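As a plain string of letters, each chain reads:
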Amino acid sequence: MIESKIKVADNLLLSPMGCGTWAWGNRFLWGYDTTMDKELQQVFNLHVSQGVTWFDTGDSYGTGKLEGRSESLLGKFTKEYQGDHQDEISIATKLAVYPWRLTPQSMVKACEKSAERLGRSIDLVQMHWSPAKYLPWQEKPLWDGLAQLYHQKAVKGIGLSNYGAKNLQRAYDYLKQQGVKISTLQVQYSLLSTYPFVKLGLKELCEELGIQIIAYSPLTLGILTGKYQDLKNLPSGPRKGLFKGLLPKIKPLLQTLEIMAKDNGKTMAQTALNWCICQGTIPIPGAKNLTQARENIGALGWRLSPSEVLELSSIVLSLEKQMIQNIFQTE
Ligand SMILES: NC(=O)c1ccc[n+]([C@@H]2O[C@H](COP(=O)([O-])OP(=O)(O)OC[C@H]3O[C@@H](n4cnc5c(N)ncnc54)[C@H](OP(=O)(O)O)[C@@H]3O)[C@@H](O)[C@H]2O)c1
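Residues numbered from 1 in each chain as written. Predicted model: local features only at pLDDT ≥ 70, side-chain atom pairs only at ≥ 80, totals over all residues. Heavy atoms only, no water.

Student: Explain unusual backbone geometry residue by residue, including any values.
Tutor: Unlike most non-glycine residues, Asn162 shows phi in positive territory, near 65 degrees. Positionally, Asn162 belongs in the loop between β7 (157–161) and α5 (165–177). Backbone geometry places Ser217, a non-glycine residue, at a positive phi of 45 degrees. Relative to the helices and strands, Ser217 resides in the loop between β9 (212–216) and α8 (238–246). (Helix = DSSP H or I, 4+ residues; strand = E, 2+ residues; numbered from the N terminus.)

The structure is reproduced here in structure tokens:
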């Protein structure tokens, strides 16, 4: 089960899959409530014990009374975990580009707050999105803040999220002048969100620049698990409308995924995640309970054949519709 780790920066090794924790504090989309915490701790423990040792969070995962809840939970779980791979736990957080974060110091302070909630230092700090489309002058001071964090050794690596190729190249050049190398780029990537590769050309650029791509929402918010195929049994909240629009258009993909999963003795979720891994990305599926966690971890330890990868990729290209992109995704 345990696979070799991927080096993304000096002293920073990530397992080939991480665990996303947006749902560990978010009520609006994910229906989080504190009664879930006991099981979430078991989810955390299971991941680490199985060698999936890094967790993606964000300072906006939990707002209002739940401010920073996902980070606080990860702090508690990390502190209380005792077992295999304890020393390998890594935390990646994302700092939101709130309109009041305008200076380098605001990023440094935000990172300090996150570290306080986590009760430990942060391994990978990521800028959650780029303000390039609506407040371009906000961007450079925030990049400066990331550079400061790196030079102060407050973090081991820095990453960006929701950047397209043009914007990533700008950031790369700017930070390079300051002696900082971008380690990772996190984008929405899955069988139903190939836009970052197909349209934005991020695969080629990231390979050229030595930046590791992290695939967020790799199960397309759960639809690729196959459990939401009946229009009468859709999740409540914003996913309902999204899935209603998608389901009639993605049948060929779900059918092939189901057959391929059976052929390999795997599930649809495991197959969808494995496809992301085969594309050279590190997926970070969200898991809300132990059953989901067990299943997702089962995406490791095997690989789809090249012809299976190709078959899925070509079906995806023929689909009429894919998942909508994050409004903050730049070009
Ligand atoms: N950088 C960014 O802007 C950004 C944006 C989004 C996400 N992210 C990161 O990426 C992580 C993952 O993305 P995501 O949570 O949006 O979506 P996802 O991983 O595609 O889907 C996660 C959801 O699918 C369902 N699920 C997961 N595993 C399952 C399984 N094995 N069987 C059945 N259902 C399963 C669960 O929801 P239900 O049980 O409710 O169906 C779960 O919350 C986030 O947690 C976050 O860390 C980053």
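Student: Can you explain the nonpolar core? Please cite residues and give values.
Tutor: Core analysis: the largest hydrophobic core is formed by 102 residues, its most contacted members being Trp24, Leu160 and Leu168. The biggest single contributor to this core is helix α10 (residues 268–278), with seven residues. Leaving out residues up to four positions away in the same chain, Trp24 has contacts with Cys19, Tyr32, Leu40, Val43, Phe44, Arg69, Ser70, Leu73, Leu74, Phe77 and Ala287. Of all hydrophobic cores here, the second largest spans 11 residues; its members include Trp54, Ala92, Ile214 and Tyr216. (Core = buried A, V, L, I, M, F, W, Y, C linked by side-chain atoms within 4.5 Å. Buried < 20%, exposed > 50% of the residue type's maximum accessible area, 1.4 Å probe, protein only. Contact = heavy atoms within 4.5 Å.)

Student: An account of the state of the cysteines is requested, with residue identities and associated values reported.
Tutor: Applying the stated criterion to the full structure yields zero disulfides. The structure places no disulfide on Cys19, whose sulfur is separated from the nearest cysteine sulfur, that of Cys276, by 15 Å. Of the residues examined, Cys19 reaches a relative accessible area of 0% and is grouped as buried. No disulfide involves Cys206; its nearest neighbouring cysteine sulfur is the one of Cys276, lying 15 Å away. (Disulfide = S-S within 2.5 Å.)

Student: So what's going on with the sheet that holds strand β10 (residues 282–283)? Residues and values would help.
Tutor: As summarised here, the arrangement of the eight strands in space is β3-β4-β5-β6-β7-β8-β9-β10, forming an open sheet in which the pairing is parallel. The sheet is open, and its two edges are formed by β3 (19–20) and β10, each paired on a single side. Two strands pair when backbone bridges link them, and β9 and β10 are joined in this way by two bridges, in the parallel orientation. Each residue of the ladder has a partner; that of Ile214, found in β10, is Ile282. Taken strand by strand, α5 contacts β7 and β8 (182–188), and its axis lies near 160 degrees from that of β8. (Pairing = 2+ DSSP bridges. Axes fitted to C-alpha atoms, helices over the stretch in contact; angles between N-to-C directions.)

Student: Summarise the packing of aromatic side chains; cite the residues concerned and give the values.
Tutor: Geometry of an aromatic ring pair is reported as the spacing of the ring centres plus the angle between the planes. Going through the model one piece at a time under the given rule, you end up with 13 aromatic pairs. The interplanar angle of 55 degrees and the centroid separation of 5.8 Å between the aromatic rings of Phe44 and Phe77 together place this pair among those described as tilted. Here Phe44, found in helix α1 (residues 37–49), pairs with Phe77, found in helix α2 (residues 69–80); they are 33 residues apart in sequence, far enough to count as distant. The two residues Phe44 and Phe77 agree in class, both being buried. Consider the rings of Trp129 and Phe328, whose centres lie 4.5 Å apart with planes at 10 degrees: the pair is stacked. You can see Trp129 sitting in the loop between β6 (124–127) and α4 (139–151) and its partner Phe328 sitting in the segment after α12 (306–318), a full 199 residues away along the chain. Grouping aromatic residues by their ring pairs yields a cluster made of Trp24, Phe44, Phe55, Phe77 and Tyr81. (Phe/Tyr/Trp six-rings, centres within 6.5 Å; stacked < 30°, edge-to-face > 60°.)

Student: For empty space enclosed by the protein, give the residues involved together with the corresponding values.
Tutor: It is the rolling of a water-molecule-sized probe over the atoms that shows where space remains empty. One pass over the full model with this rule turns up one cavity of 30 Å³ or more. Here the largest cavity is characterised by a volume of approximately 30 Å³. Lining of the largest cavity is provided by Gln188, Ser190, Ser193, Ser217, Thr220, Leu221 and Met323. (1 Å grid on protein atoms, 1.4 Å probe; cavity = no way out; pocket = protein on both sides within 12 Å on 5 of 7 lines; lining within 4 Å. Points joined across faces, edges and corners; volume = space filled by probe spheres on them.)

Student: Can you tell me about the site of the ligand, naming the residues and giving the values?
Tutor: Among the 30 residues in the neighbourhood of the ligand, the closest are listed as Asp56, Tyr228, Arg239, Lys288 and Gln292. Backbone polar atom of Pro218 to an oxygen atom of the ligand: 3.5 Å apart, as the coordinates give it. Note that an oxygen atom of the ligand is positioned 3.2 Å from one of the backbone N or O atoms of Thr220. The protein chains hide 94% of the 900 Å² of surface that the ligand would expose on its own. Counting residues per element, the shell around the ligand draws most heavily on helix α11 (residues 290–297), which supplies three residues. Of the residues contributing to the shell around the ligand, the split by class is 10 nonpolar, 14 polar and six charged. (Near = heavy atom within 4 Å. Polar contact = N/O pair within 3.5 Å; in protein donor to acceptor, adjacent residues only side chain to side chain. Areas by Shrake-Rupley, 256 points an atom, 1.4 Å probe, with all protein chains shown as cover. Nonpolar A, V, L, I, M, F, W, Y, C, P; charged D, E, K, R; others polar.)

Student: An account of the pattern of salt bridges is needed here, citing residue identities and associated values.
Tutor: If you walk through the whole model with that rule in mind, you get 16 salt bridges. Residue Arg170 pairs with Glu139 through a salt bridge whose shortest N-O separation is 3.4 Å. Pair noted here: Arg170 is in helix α5 and Glu139 is in helix α4, with a separation of 31 residues, a long-range link. With a relative accessible area of 1%, Glu139 lands in the buried category. Taken together, the shared-partner salt bridges connect Glu67, Glu71 and Arg117 into one network. (Salt bridge = Lys/Arg side-chain N within 4 Å of Asp/Glu carboxyl O.)

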